Amino acid sequence: MAAPQNDGPLDFFAFPDISKIASQEQEAIFAGSEDFPSAEPDNINYTALFVDDHSILIMSHYGRVLLLDRQTLQCKAEVMPEGIEFTAHDELGNPTTEPEETYDYSSNIIHVMIVHDQLLLTTADGELRRYDLPV
């Protein structure tokens, strides 16, 4: 699997010949996502992990953790870990509470990992948090 940063599709490759076997455009992944209205759309931000035979976890530019269905490659859920906070930013990168000034968002998630059916997150506060995966 190859996850882009910002532009490009989420691509899947066969092993060992590395032939592309599937692809999903980001517009399709984020279609219908209206929880974070802003001038700049949300995108995949490098991280895409296989959770199990049915789900893929991706991290978005905004710091969202999304579960995709492995068959349809459509978003089936957003994982909202307790204690994760989102901040709206204006075009200059300053925090804002004004909806009409919102350019994009960020969360306090730095990294995501999956270890033994657990979601591990590192945060901007220097914490390592562990959550059971809802799959």
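Just above, that's the structure.
Participant: Is there a simple way to think about the sheet that holds strand β11 (residues 128-132) in this case?
Facilitator: Sheet strands line up and pair through hydrogen bonds in the backbone, either parallel or antiparallel. Taken together, 3 strands build an open sheet; the order of strands is β9-β10-β11 and the sheet is antiparallel. Looking at which strands have only one partner, the edges of the open sheet turn out to be β9 (109-115) and β11. Taken over all neighbouring pairs, the strand axes of this sheet differ in orientation by 25 degrees on average, direction set aside. Both strand β10 (residues 118-123) and β11 contribute to a ladder of 5 bridges, which runs antiparallel. The residue bridging L121 from the neighbouring strand is R129, located in β11.

Participant: How should I be thinking about the nonpolar core in this particular structure?
Facilitator: Nonpolar side chains in soluble globular proteins generally cluster together in the buried interior. The biggest cluster of nonpolar side chains holds 13 residues, and the ones touching the most others in it are L57, V65, I109, V112, L119 and L121. For this core, the elements supplying multiple residues, two or more each, are β4 (55-60), β5 (65-69), β9 and β10. In this structure, V65 is in contact with L57, I58, M59, A77, E78, V79, I109, V112 and L119, ignoring residues within four places of it in sequence. Residues L10, L66, L68 and L73 belong to the second largest nonpolar core, which totals 12 residues.

Participant: Even after reading the chapter, I still don't get the side chain of D90, so can you show me in this structure?
Facilitator: Assignment of secondary structure puts D90 in the loop between β7 (86-89) and β8 (104-107). Although buried, D90 forms no salt bridge, and the nearest oppositely charged side chain, R64, lies 19 Å from it. A polar side-chain atom of D90 sits 2.9 Å from the main-chain amide nitrogen of L92. Once residues within four sequence positions are removed from consideration, D90 is found in contact with T96, E101 and Y103.

Participant: What should I look at first to understand the packing of aromatic side chains in this one?
Facilitator: Given two aromatic rings, their pairing is described by the distance between the two centres and the angle made by the two planes. As enumerated under the stated definition, the model contains 5 aromatic pairs in all. Taking the centre distance of 6.1 Å and the plane angle of 55 degrees together, the rings of F36 and Y62 count as tilted. Placement of F36 in the loop between α1 (26-30) and β3 (44-50) and of Y62 in the loop between β4 and β5 is noted, with a sequence separation of 26 residues between them. Ring pairing ties together the aromatic residues F36, Y62, F86 and Y105, which thus form one cluster.

Participant: Mind showing me how you'd approach a nonpolar patch on the surface here?
Facilitator: On the surface, F13, F15 and I18 cluster together into a nonpolar patch covering about 360 Å² of accessible area. Residue classification places I18 among the exposed residues on the basis of a relative accessible area of 51%.

Participant: Explain the layout of surface pockets to me, please; I cannot follow it from the model alone.
Facilitator: Any empty space left between the atoms is revealed when a probe the size of a water molecule rolls over them. Of the pockets and cavities examined, the largest pocket occupies roughly 240 Å³. Q26, F30, P41, D42 and N43 are, among the 18 residues lining the largest pocket, the residues nearest its centre. Classifying every residue of the lining of the largest pocket gives 5 nonpolar, 6 polar and 7 charged.

Participant: Explain unusual backbone geometry here, please?
Facilitator: Trans peptide bonds make up most of the peptide bonds, and negative phi angles are found at most residues other than glycine. In this structure, P16 follows F15 across a cis peptide bond, with omega equal to 15 degrees. Mapped onto the elements of the fold, P16 is located in the loop between β1 (10-13) and β2 (20-24). Positive phi, close to 55 degrees, is recorded for I18, a residue that is not glycine. Structurally, I18 can be placed in the loop between β1 and β2.

The rules behind these values
Residues numbered from 1 in each chain as written. Predicted model: local features only at pLDDT ≥ 70, side-chain atom pairs only at ≥ 80, totals over all residues. Heavy atoms only, no water. Pairing = 2+ DSSP bridges. Helix = DSSP H or I, 4+ residues; strand = E, 2+ residues; numbered from the N terminus. Axes fitted to C-alpha atoms, helices over the stretch in contact; angles between N-to-C directions. Core = buried A, V, L, I, M, F, W, Y, C linked by side-chain atoms within 4.5 Å. Buried < 20%, exposed > 50% of the residue type's maximum accessible area, 1.4 Å probe, protein only. Contact = heavy atoms within 4.5 Å. Lys, Arg positive; Asp, Glu negative; His and termini not counted. Salt bridge = Lys/Arg side-chain N within 4 Å of Asp/Glu carboxyl O. Polar contact = N/O pair within 3.5 Å; in protein donor to acceptor, adjacent residues only side chain to side chain. Phe/Tyr/Trp six-rings, centres within 6.5 Å; stacked < 30°, edge-to-face > 60°. Patch = residues over 30% accessible without salt bridge, like charges linked within 9 Å, V, L, I, M, F, W, Y side chains within 5 Å. Areas by Shrake-Rupley, 256 points an atom, 1.4 Å probe, with all protein chains shown as cover. 1 Å grid on protein atoms, 1.4 Å probe; cavity = no way out; pocket = protein on both sides within 12 Å on 5 of 7 lines; lining within 4 Å. Points joined across faces, edges and corners; volume = space filled by probe spheres on them. Nonpolar A, V, L, I, M, F, W, Y, C, P; charged D, E, K, R; others polar.

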